[in-house]
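# A structural walkthrough
Listed here are the chains, written in short residue letters.
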Amino acid sequence: MHPLSPSPLTSRAHGLAALVRLAGAGVLACLVMVVLATPASAHAVLEGGSVFDGQVLDTPPEELFLDFNEAVVSPRGGLRIFGSDGERVDEGGTFQTDDAPDIVRVALQPDLADGTYAVTYRVTSADGHPVNGAFVFSVGAESGSGDQLLGQVFSSGADRPWAVLAAIVRWVTYAGVLLAAGAVATVAWMREQLDGDDQPVTRVVRRAGVAVLVTAVLGVLLQNVLVGGDGLASLVDASGLQSTITSFVGISAIVRAVGSVLLLVGLRRALSGPVALAGGVVMLTSLLLEGHTLTTGPAAVVWGASAVHVATAALWFGGLVVMAMELRRRRRSDDPVGAGRLVARFSSLFTLSVVAVVLAGAALSWAEVRALRALTSTGYGWALIAKLVAVLPLLALGTWNNRKLIPALTARRRRSARGGSGQPVIAGGSDEVADRAAARDAAWATLTKTVRIEALVVVLVLAATSVLVALQPAAEAAGITGAFSTNQEFEGLGQLSITVDPNRAGANEIHIYLLSEVGRPLDIDEGVTMTLSQPELDIGPLVRTPTLSGRGHFVLQGPELSVPGRWEITTEVATSRFDVASTVTEITVNP
Ligand code: HEM
């Protein structure tokens, strides 16, 4: 069969295009689910403070502080205290001291009356992710329903529309940065093959540069809303803006804006000139200045892999866009020889990019996930799976292009070149000539279409990425690289919340919180035991009595978990003279 025979090639392309559309729709649905179903959790976790949920204090406090597991940044109104009438009773002006960056404090109005108070907090973690939460405490005695008060002053879902908007802005940022930086680099690398009119590519790159500039500003404003928590009022809150701009998120946005301005200025001279190229590099670098790159180890691996990942992702995406535009131009001018040469050169660019993106992506995935159980038990893991599902059609299309289309086109180029004119050799009768013309058209059409589909799939991959980077890394969420924490049902009692810190073989602090079904601390101050065992190594049962540390809160400090592996912790609570409620928690202690 003729290598450019139209029917099998185009029908396969149609089938493939349908498959890609289907995969795209699936991935999009996955993304929507992830965005809607998973709150943007982050790294900082509230570990304690001067009051805890449900505590009843004898005397009114003058100041209140909260203690997080890592350094946090709090906006001015990051810690707010509300009375049972919903009015603020703090003096405003949350503050932190240099020697305790993990602690946030606020002064309270003098002589608080007896009754129930709500505490709401909002801080930014080390990687730039805003975290918020709320609980209640009382002075003297409880007054009214704490849950009702919390409902009045704190809505955990209020940030969701802003978080979705921020994810969309991040998506456009990724698409703009990769397209602009990648297209400029591709044109510089392939200058000889792209000797035609570069105005159309310049126009697209300019638009991408403008989009990056606009999203840099929008990103900072949205971060301000997510950190400030006052909706539109936070959008332009000057003191909040000041701290957002000096945070890593702000610095990254400023660097990106500078890069986009450099790019736009550079484009006035030459698409692939040094100024435009520098703009592209600065924009790409800005992506490394925020997010998980800052907080995940080993730092050298994560920084190196991130740099390679974004640089080669840019070459891939920018290259695809340049190729799609160039192919359209050559198709119009009916230049199969030039197109064949172009496609062959692009093919080596794509092979290099694909291998590097996948290897660097695998290294990043290892750093953020670490174990299979973290992949399937966390929002991050599922977002990464959605991203991989989106990448698969890309790899399939790329392989198909390499194996089928490009050999077909380059074979045509060789035949044409033998004809010596740059045009196909016309050797047969008029039917054969018509067949060849049709075959040629079909091959052009298929190649142009698959390149466009590939570019579209990259846009979907970037959508998954924009969700991924906002979630708590899987390894951390699953307690592999940080403290282990879980909430489980406690039959006959309500709920058990348990934290094992640092969850490494050796001395650990195990906190258990006995909660009602709606999550309020239970008034239990004795009759609690913990039994620890490691069934695989036949260790235990080690029976211990944890110390009371607050209402329904018990702590066990010690070296019991000194061997890594799967442990079972049985918590038993005497609910009457004769009855005991018990529940088992399984945890994997890290080496
Ligand atoms: C096998 C394929 C891939 C894997 C396993 C992978 C994995 C990852 C991982 C784990 C991250 C880190 C996210 C975080 O900070 O938590 C990441 C970031 C990213 N990926 Fe991929 N990826 C792959 C393919 C791609 C492709 C094809 C593109 C685009 C062409 C892409 C673009 C990006 C971008 C823009 C980032 C964000 C970098 C940053 O902001 O620091 N990835 N990827």
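Calculation rules
Residues numbered from 1 in each chain as written. Predicted model: local features only at pLDDT ≥ 70, side-chain atom pairs only at ≥ 80, totals over all residues. Heavy atoms only, no water. UniProt positions renumbered as here; feature names shortened; annotations may be inferred. Helix = DSSP H or I, 4+ residues; strand = E, 2+ residues; numbered from the N terminus. Buried < 20%, exposed > 50% of the residue type's maximum accessible area, 1.4 Å probe, protein only. Areas by Shrake-Rupley, 256 points an atom, 1.4 Å probe, with all protein chains shown as cover. Expected span 1.5 Å × (residues − 1). Donors = N, O, S within 2.8 Å, 3.2 Å for Na, K, Ca; no water. Tetrahedral: all angles 85-135°; square planar, octahedral: opposite > 155°, others 65-115°. pLDDT = per-residue confidence, 0-100. Contact = heavy atoms within 4.5 Å. Pairing = 2+ DSSP bridges. Axes fitted to C-alpha atoms, helices over the stretch in contact; angles between N-to-C directions. Phe/Tyr/Trp six-rings, centres within 6.5 Å; stacked < 30°, edge-to-face > 60°. Polar contact = N/O pair within 3.5 Å; in protein donor to acceptor, adjacent residues only side chain to side chain. Parallel < 35°, antiparallel > 145°, perpendicular 65-115°, else oblique. Nonpolar A, V, L, I, M, F, W, Y, C, P; charged D, E, K, R; others polar. Salt bridge = Lys/Arg side-chain N within 4 Å of Asp/Glu carboxyl O.

Named according to an unreviewed UniProt entry, the protein is Copper resistance protein CopC originating from Euzebya pacifica. Under the UniProt heading Subcellular location (unreviewed entry), the entry covering the protein gives this text: "Cell membrane".

Take the overall build of the protein next. Along its length, the protein carries 14 helices and 17 strands. A buried classification covers 49% of the 591 residues belonging to the protein. Of the roughly 26,600 Å² of accessible surface on the protein, a fraction of 59% belongs to carbon and sulfur atoms.

With 34 residues, helix 9 (residues 299-332) should cover 50 Å at 1.5 Å per step; its first-to-last C-alpha distance of 49 Å lies within 8% of that length. After helix 9 finishes, the residue Asp 334 shows a positive phi value of roughly 50°.

Within the secondary structure, Ser 516 is located in the loop between strand 11 (508-515) and strand 12 (528-534). Residue Ser 516 is classed as buried on the basis of its relative accessible area, which comes to 15%. Sequence separation of Ser 516 and Gly 552 is 36 residues, and the distance between their C-alpha atoms is 9.7 Å.

Here we come to the coordination of the iron atom of the ligand. His 309 (NE2) and Lys 387 (NZ) make up the full set of protein donors to the iron atom of the ligand, lying at 1.9 to 2.0 Å. Coordination at the iron atom of the ligand comes from six donor atoms whose angles at the metal span 85 to 178°, giving a geometry best classed as octahedral. One end of the pair, His 309, is in helix 9; the other, Lys 387, is in helix 12 (residues 379-419), and 78 residues separate them in sequence. Of the two residues examined, His 309 and Lys 387, each falls in the buried class.

Right, let's talk about the confidence of the model for the protein for a bit. Residues of the protein with pLDDT of at least 70 account for 87%, and the chain-wide mean is 83. Predicted confidence is poor over residues 29-42, with pLDDT under 50, and the contacts of this stretch with residues over four places away or in other chains come to 29 contacts.

Across the sheet, five strands lie side by side as 9-10-11-15-14; this open sheet has antiparallel pairing. With one partner strand each, in any of the chains shown, strand 9 (484-490) and strand 14 (547-550) form the two edges of the open sheet. Within the sheet, the average angular offset between the axes of one strand and its neighbour, ignoring direction, is 25°. Across seven bridges, the pairing between strand 10 (residues 494-501) and strand 11 is antiparallel. Counterpart to Gln 495 in the pairing with strand 11 is Leu 515.

Before going further, it helps to spend a moment on the packing of aromatic side chains. Under the criterion given, the structure shown has three aromatic pairs. Measuring from ring centre to ring centre gives 5.6 Å for Phe 68 and Tyr 121, while their planes differ by 70°; the resulting arrangement is edge-to-face. Remark: Tyr 121 occurs in strand 7 (residues 115-124) and Phe 68 occurs in strand 3 (residues 63-68); sequence separation between them is 53 residues. A relative accessible area of 1% places Phe 68 in the buried class. Residue Tyr 121 is classed as buried on the basis of its relative accessible area of 13%. Where Phe 346 meets Phe 350, the ring centres are 5.6 Å apart and the plane angle is 20°; that geometry is what we call stacked. Of the two residues, Phe 346 and Phe 350 are both situated in helix 10 (residues 336-369); the distance of four residues between them amounts to about one turn of the helix. Phe 346 sits in the buried class, given a relative accessible area of 0%.

With that settled, the discussion passes to the side chain of Asp 90. One can find Asp 90 in the loop between strand 4 (79-82) and strand 5 (95-97). A polar atom in the side chain of Asp 90 sits 2.8 Å from the backbone nitrogen of Ile 81. Here the side chain of Asp 90 touches Arg 88 through a polar contact of 2.9 Å, side chain to side chain. Discounting residues that sit within four places of it in the chain, Asp 90 has contacts with Leu 79, Arg 80, Ile 81, Val 106, Ala 107, Leu 108 and Gln 109.

Let us now look at the UniProt feature "transmembrane region" (unreviewed entry) in the protein. Residues annotated by UniProt as "transmembrane region" (unreviewed entry) correspond here to residues 162-189, 210-229, 241-264, 271-289, 301-325, 346-367, 379-400 and 455-475. Spanning residues 210-229, this segment combines 95% helix with 0% strand, and its end C-alpha atoms are found 28 Å apart. Secondary structure content for residues 379-400 is 100% helix and 0% strand, and the end C-alpha separation is 32 Å.

An order of 2-8-7-4 is seen for the four strands of this open sheet, with the pairing classed as mixed. Because the sheet does not close on itself, it has two edges, and the strands there are strand 2 (56-57) and strand 4. Relative to strand 8 (residues 130-139), strand 7 runs antiparallel, the two being bridged by 10 bridges. Its bridge partner lying in strand 8, Tyr 117 is registered against Phe 137. Across the face of the sheet, helix 2 (residues 146-153) comes into contact with strand 4, strand 7 and strand 8 while running at roughly 40° to strand 7. Seen against the sheet, helix 4 (residues 199-228) touches strand 4, strand 7 and strand 8 and runs at an angle of roughly 155° to strand 7.

A pair of packed helices can be characterised by two numbers: the angle between their axes and the separation between those axes. Remark: helix 3 (residues 160-189) packs on helix 9, axes separated minimally by 6 Å, with the N-to-C direction vectors making an angle of 75°. Here helix 3 is positioned roughly perpendicular relative to helix 9, judged by the angle of their axes. Along the contact surface, helix 3 presents Ala 175, Leu 178, Leu 179, Gly 182, Ala 183, Ala 185, Thr 186 and Val 187, while helix 9 presents Val 310, Ala 313, Ala 314, Leu 315, Phe 317, Gly 318, Gly 319, Val 321 and Val 322. Residue composition of the contact of helix 3 with helix 9, by class: 13 nonpolar, four polar and no charged.

It is worth spelling out the pattern of salt bridges at this point. Counted according to the given criterion, the structure contains nine salt bridges. Where Glu 536 meets Arg 566, a salt bridge forms, and the shortest distance between an N and an O atom there is 3.3 Å. One end of the pair, Glu 536, is in the loop between strand 12 and strand 13 (539-544); the other, Arg 566, is in strand 16 (residues 565-574), with 30 residues separating them in the sequence. A salt bridge links Arg 566 to Glu 568; the nearest nitrogen and oxygen atoms lie 3.8 Å apart. A single network of salt bridges, built from pairs that share partners, joins Glu 536, Arg 566, Glu 568 and Glu 586.

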